[in-house]
Amino acid sequence: QMCIRDSTYIVDAYNYRIYPGDEFAKEAIRKSIKCGFGEEDNIYIKKVKQGLDEAFTEFQADFVLYNAGTDCMHGDPLGGMDLSDQVIIQRDELVFQKARERNIPIAMVLSGGYQQKNAPCIAESIQNLLHKFGSVSYTHLTLPTIYSVQISVVAVSLKKK
């Protein structure tokens, strides 16, 4: 029987001063991208790019589940990272680009974000993804629930080890 740890690789970018709050969650993360309060856009996106590159080198995924949180946006009362709308859109595009470069199917779910201004940013990001990558196809998959304060990229291998 395949162990979930062997078949699942979680990449998580988060404000390390507030998340994760428990050891069980922390142990599940295989690639931590630690950010802090007031993280600058250019530093954040550089960390995310490097973390994704390392993750895709370390793990051969069959599909990616992208948990696209927006509580890291400027003014959000939870995330405390103060990222701009533009870097959120850039981040989403980067995650899709990295998966598409490797011909890995990707599904995006939305999470986090506790301000009215998050919705227009999310809509703009989705429009950008459709413009850059074309239409979306749907597949039904059953996966464990993954919670994240900022973003999670969950790569899964379906091969038995």
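Criteria and cut-off values
Residues numbered from 1 in each chain as written. Predicted model: local features only at pLDDT ≥ 70, side-chain atom pairs only at ≥ 80, totals over all residues. Heavy atoms only, no water. Salt bridge = Lys/Arg side-chain N within 4 Å of Asp/Glu carboxyl O. Buried < 20%, exposed > 50% of the residue type's maximum accessible area, 1.4 Å probe, protein only. Axes fitted to C-alpha atoms, helices over the stretch in contact; angles between N-to-C directions. Helix = DSSP H or I, 4+ residues; strand = E, 2+ residues; numbered from the N terminus. Left-handed = near helix turned anticlockwise from the far one by under 90°. Contact = heavy atoms within 4.5 Å. Nonpolar A, V, L, I, M, F, W, Y, C, P; charged D, E, K, R; others polar.

Participant: Just to check I follow, could you spell out the pattern of salt bridges for this structure?
Facilitator: Side chains bearing opposite charge may pair, as long as their charged atoms lie close to each other. Counting across every chain of the model gives 9 salt bridges. Between K47 and E39 there is a salt bridge, and its shortest N-O distance comes to 3.0 Å. By relative accessible area, K47 is classed as partly exposed at 29%. The salt bridge partner of E101 is R102, with a shortest N-O separation of 3.4 Å. By relative accessible area, E101 is classed as partly exposed at 47%. Look at the salt bridges and you will find they share partners, linking K31, E54 and E58 into a network.

Participant: Looking at this structure, how should I read the packing of helix α4 (residues 85-101) against helix α5 (residues 118-133)?
Facilitator: When two helices pack together, their arrangement is given by the angle between their axes and by how far apart the axes lie. Interhelical geometry of α4 versus α5 gives an angle of 35° and a closest axis separation of 9 Å. Our pair here, α4 against α5, has a crossing hand that is right-handed. Residues D85, Q86, I88, I89, D92, E93, F96, Q97 and R100 of α4 touch α5, and the partners they reach there are C121, E124, S125, N128, L129, K132 and F133. Each residue belonging to the contact of α4 with α5 can be placed in one class, and the counts come to 6 nonpolar, 4 polar and 6 charged.

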